Amino acid sequence: MSLTLRYLFAMLCGAIPALALFFLLRPLRLQCLNRKELFSPFPRETVIALFWMYCGGAALLGLTPRWVVRSLAGLPLGMPWNEAGLPFFSLGNVNLVLFDTFSQSTYILVANVVLFMPFGLFAALLWRGFNWKRALLTGVCVTFSIEICQLFIGRTFDVDDLMLNIVGVFCGFLLALAVRRLFPRFAEKLVVSPATSS
């Protein structure tokens, strides 16, 4: 099994509980929309569910120690769970040297961008008024928060990761603009509308 498929399996371990939480909280969200006399079409609900799944998977990959991710990715191959007995919480490192990680494999660099594209894509498709400034702010806030959390789980606060992840969010925003332009009818079904128009 390829490394990409194994990491997708690890993401799925976070995506499934996130989907369950989405369905658990969905009635409350729909009640809120009803009180505001708003309607959320089925395509929008589907995309929101996918966004929740993505967030659950991304949280598992970004907010747990590396050994947790590697252990989950190794489950399909029968690899042991945390064989070294590493703790969940431990102090990490800080790397503030720009372009230091660029010497690593292209796979890691591309993965850092691609993994964060859905933040910009889903947000721009689901919420009106999500412009490039909000995309940039979302990229900075989300990635900075993740990098800070990684300091307490034995990982590294890396300025290159921060930069690549922000680029990923912004690329997702640009992709959403393309979707809106190429498929305007589909894009219109992804935002709430007055309940009378449902």
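This text goes with the structure placed above it.
In this text, all values refer to a predicted model and were calculated from it rather than measured experimentally.

1. Here's the deal with the overall build of the protein
- When helices and strands are counted, the protein shows 7 helices and 4 strands.
- Listing each helix as α and each strand as β along the protein from the N terminus yields α-β-α-α-β-α-α-β-α-α-β.
- The principal-axis extents of the C-alpha atoms in the protein amount to approximately 60 × 35 × 30 Å.
- Taking the intrachain contacts of the protein between residues at least 6 apart in sequence as the baseline, contacts between residues at least 24 apart amount to 80%.
- Here the protein displays about 11600 Å² of accessible surface, and carbon together with sulfur accounts for 72% of that area.
- Taking the 16 positively charged and 9 negatively charged side chains of the protein as two groups, their mean positions are separated by 13 Å.

2. Considering the packing of aromatic side chains
- Applying the stated criterion across every chain yields a total of 14 aromatic pairs.
- On the basis of an interplanar angle of 85° and a centroid distance of 6.3 Å, the ring pair of F51 and F119 is categorised as edge-to-face. Of this pair, F51 sits in helix α2 (residues 42-62) while F119 sits in helix α4 (residues 106-126), placing them 68 residues apart in sequence.
- The buried category is assigned to F51, whose relative accessible area is 12%.

3. Focus on the packing of helix α1 (residues 3-35) against helix α3 (residues 66-74)
- Two elements in contact, α1 and α3, have axes separated by 8 Å at closest approach and are oriented at 110°. Between α1 and α3, the angle is such that the two are roughly perpendicular. Counting all contacts with α1, which are made through R6, Y7, F9, A10 and C13, the residues of α3 involved are V69, R70, L72, A73 and G74.
- Residues that form the contact of α1 with α3 fall into these classes: 7 nonpolar, 1 polar and 2 charged.

4. Some details on α1
- Here α1 spans 47 Å end to end across 33 residues, near enough to the 48 Å set by a 1.5 Å rise per residue.
- The sharpest bend along α1 reaches about 40° and sits at L25, with the proline P27 one to four residues further on.
- Residues of α1 that are buried include every one of R6, A10, M11, G14, A15, A18, F22 and L33, and no others.
- For α1, the elements touching its buried residues are β1 (38-39), α2, α3 and α4.
- In the segment just after α1, E37 is the residue with positive phi, at about 60°.

5. With respect to the pattern of salt bridges
- Within the structure shown, the criterion is met by 3 salt bridges.
- For the salt bridge of R29 with E45, the shortest nitrogen-to-oxygen distance reads 2.5 Å. Taken as a pair, R29 in helix α1 and E45 in helix α2 lie far apart in primary sequence, 16 residues in all.
- Owing to a relative accessible area of 25%, R29 belongs among the partly exposed residues under this scheme.
- The partner of R128 in a salt bridge is E188, and the shortest N-O contact between them spans 3.4 Å. With R128 in the loop between α4 and α5 (132-150) and E188 in helix α7 (residues 184-188), the pair connects residues that are 60 residues apart, well separated along the chain.
- By relative accessible area, which is 48% here, E188 ends up partly exposed.
- Connected through salt bridges with shared partners, the residues R26, R29 and E45 form a single ionic network.

Cut-off values and rules
- Residues numbered from 1 in each chain as written.
- Predicted model: local features only at pLDDT ≥ 70, side-chain atom pairs only at ≥ 80, totals over all residues.
- Heavy atoms only, no water.
- Helix = DSSP H or I, 4+ residues; strand = E, 2+ residues; numbered from the N terminus.
- Contact = heavy atoms within 4.5 Å.
- Areas by Shrake-Rupley, 256 points an atom, 1.4 Å probe, with all protein chains shown as cover.
- Lys, Arg positive; Asp, Glu negative; His and termini not counted.
- Charge placed at Lys NZ, Arg CZ, Asp CG, Glu CD.
- Phe/Tyr/Trp six-rings, centres within 6.5 Å; stacked < 30°, edge-to-face > 60°.
- Buried < 20%, exposed > 50% of the residue type's maximum accessible area, 1.4 Å probe, protein only.
- Axes fitted to C-alpha atoms, helices over the stretch in contact; angles between N-to-C directions.
- Parallel < 35°, antiparallel > 145°, perpendicular 65-115°, else oblique.
- Nonpolar A, V, L, I, M, F, W, Y, C, P; charged D, E, K, R; others polar.
- Expected span 1.5 Å × (residues − 1).
- Bend = angle between axes of the 7 residues up to and from the residue.
- Salt bridge = Lys/Arg side-chain N within 4 Å of Asp/Glu carboxyl O.

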